Amino acid sequence: MTKTTRPFTPNWVSSPGDAIADFLEERDWTQAQLAERLGYSIKHISLLVNGKAPLNEETALKLERVVGSTAAFWLRYEAQYRAALAKKEEENRLQGWTSWLDELPVKELMNQGVIPKCRLIAQNKPDLVKKLLQFFGVASPEDWQNYYVGMEAAFRRTREEQSDVGAISAWLRLGEIEAEKQDCPKYSKPKFEKAVREIRTLTVLPPEEFEPQIQQLCREAGVVLVLVPSIKRSHVSGVARWLNPHKALIQLSLYGKTNDRFWFNFFHEAAHILLHNQKKIFLDEWDSGENLSSEQEREANQWSREFLIPPKYEEELAQIRFETDVVDFAERIGIHPAIVLGRLQHDDLIDYSSMNGLKESLRFPEVK
């Protein structure tokens, strides 16, 4: 029968001072005698023996001459000791931070493959804390608090009840990670304005055709477009923000998953990039009605509305009642019929239960 052995993981850490103490015992020397031979004070030798003073290159060379072994041995011993000490201290810190997990959508991030799946039991929690700190790219929950929760003050939400900052911060971080993978030139407002006009013509295409095209057009103008699955309790459909003064990010969750909502959302976020302050983070939910929390949100809504269907068509739009009219009107102004239908439904000109066969569900590879 094969005997299974487990790796030896002692709960104590041996310092070079232990080896020095063994040497003193073998020679029957006092610490004072060793201090005299090394040219150090008795107090310093006591600190070395107790692992409280670091063993530097000079001490290693002196020990080589007086005690034996090589300077490399003593320095390696010291390095291993300090590393083991740091690891033990880290384990204690992680254990003390496990309550932070209650603020985060841990199971959701497991389901999305961001962190490995495991049971949320006490013995697994310190490692989960470590993995989530690595995911957020911060050194401690306090640093997460300062960066992501501090960022909450910059959120411009369409609905104030979006209050689960843990879920929101996780969704934002997923977008950051995707954006970091993409290189792009510095942001150019004229190029982005041109790109947005061209993107409007792509609304008639199926998702598998328009998705790579809009991402490329945005990227060439210095704007990264990423699609990130929604996280429960974040209630987000999109965000517009600046990663640095030269790189903007539009992040969409496909909340609602129909093309009329997607396109209105995209152009709403594009409006924030074109019109508003770089220091703000505009976090939006689709189903917000007219209860918008800031003038900038109202401006972005109005810009998107008028960009997709210019005001000169208002009177004609109001006369539409039949599906064939929706299709004909959309073809004439160069947008997808679902966008026209969505506008008519929003303006209460057509019931929300009517003509929804014109809408298409969006399922990109990122959000299967």
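Above this note sits the structure.
Here's a quick rundown of the structure. (Residues numbered from 1 in each chain as written. Predicted model: local features only at pLDDT ≥ 70, side-chain atom pairs only at ≥ 80, totals over all residues. Heavy atoms only, no water.)

This part takes up the overall build of the protein chain. Along the backbone of the protein chain there are 16 helices and five strands. The buried share among the 368 residues of the protein chain stands at 46%. Counting only contacts in the protein chain whose residues sit at least 6 apart along the sequence, the fraction spanning at least 24 positions is 68%. Of the roughly 19,700 Å² of accessible surface on the protein chain, a fraction of 49% belongs to carbon and sulfur atoms. (Helix = DSSP H or I, 4+ residues; strand = E, 2+ residues; numbered from the N terminus. Buried < 20%, exposed > 50% of the residue type's maximum accessible area, 1.4 Å probe, protein only. Contact = heavy atoms within 4.5 Å. Areas by Shrake-Rupley, 256 points an atom, 1.4 Å probe, with all protein chains shown as cover.)

Turning our eyes to something else, we now look at the pattern of salt bridges. Counted under the stated rule, the structure contains 15 salt bridges. Glu176 serves as the salt-bridge partner of Arg241, at 2.9 Å between the closest nitrogen and oxygen. Of this pair, Arg241 sits in strand E3 (residues 238-244) while Glu176 is found in helix H9 (residues 165-180), placing the two residues 65 residues apart along the sequence. With its nearest N and O atoms 2.0 Å apart, the salt bridge here joins Glu316 to Arg332. Placement of the pair is Glu316 in helix H14 (residues 314-318) and Arg332 in helix H15 (residues 323-333), with a sequence separation of 16 residues. Take Glu316: its relative accessible area is 32%, and that puts it in the partly exposed class. Residues joined by salt bridges that share partners form a network here, namely Arg173, Glu176, Glu180 and Arg241. (Salt bridge = Lys/Arg side-chain N within 4 Å of Asp/Glu carboxyl O.)

Time to look at the side chain of Thr203. Within the secondary structure layout, Thr203 lies in the loop between helix H10 (189-200) and helix H11 (207-220). There is a polar contact of 3.2 Å between the side chain of Thr203 and the backbone oxygen of Arg200. Discounting chain neighbours no more than four positions away, the residues touching Thr203 are Trp263, Phe267, Gly334, Ile335, His336 and Ile339. (Polar contact = N/O pair within 3.5 Å; in protein donor to acceptor, adjacent residues only side chain to side chain.)

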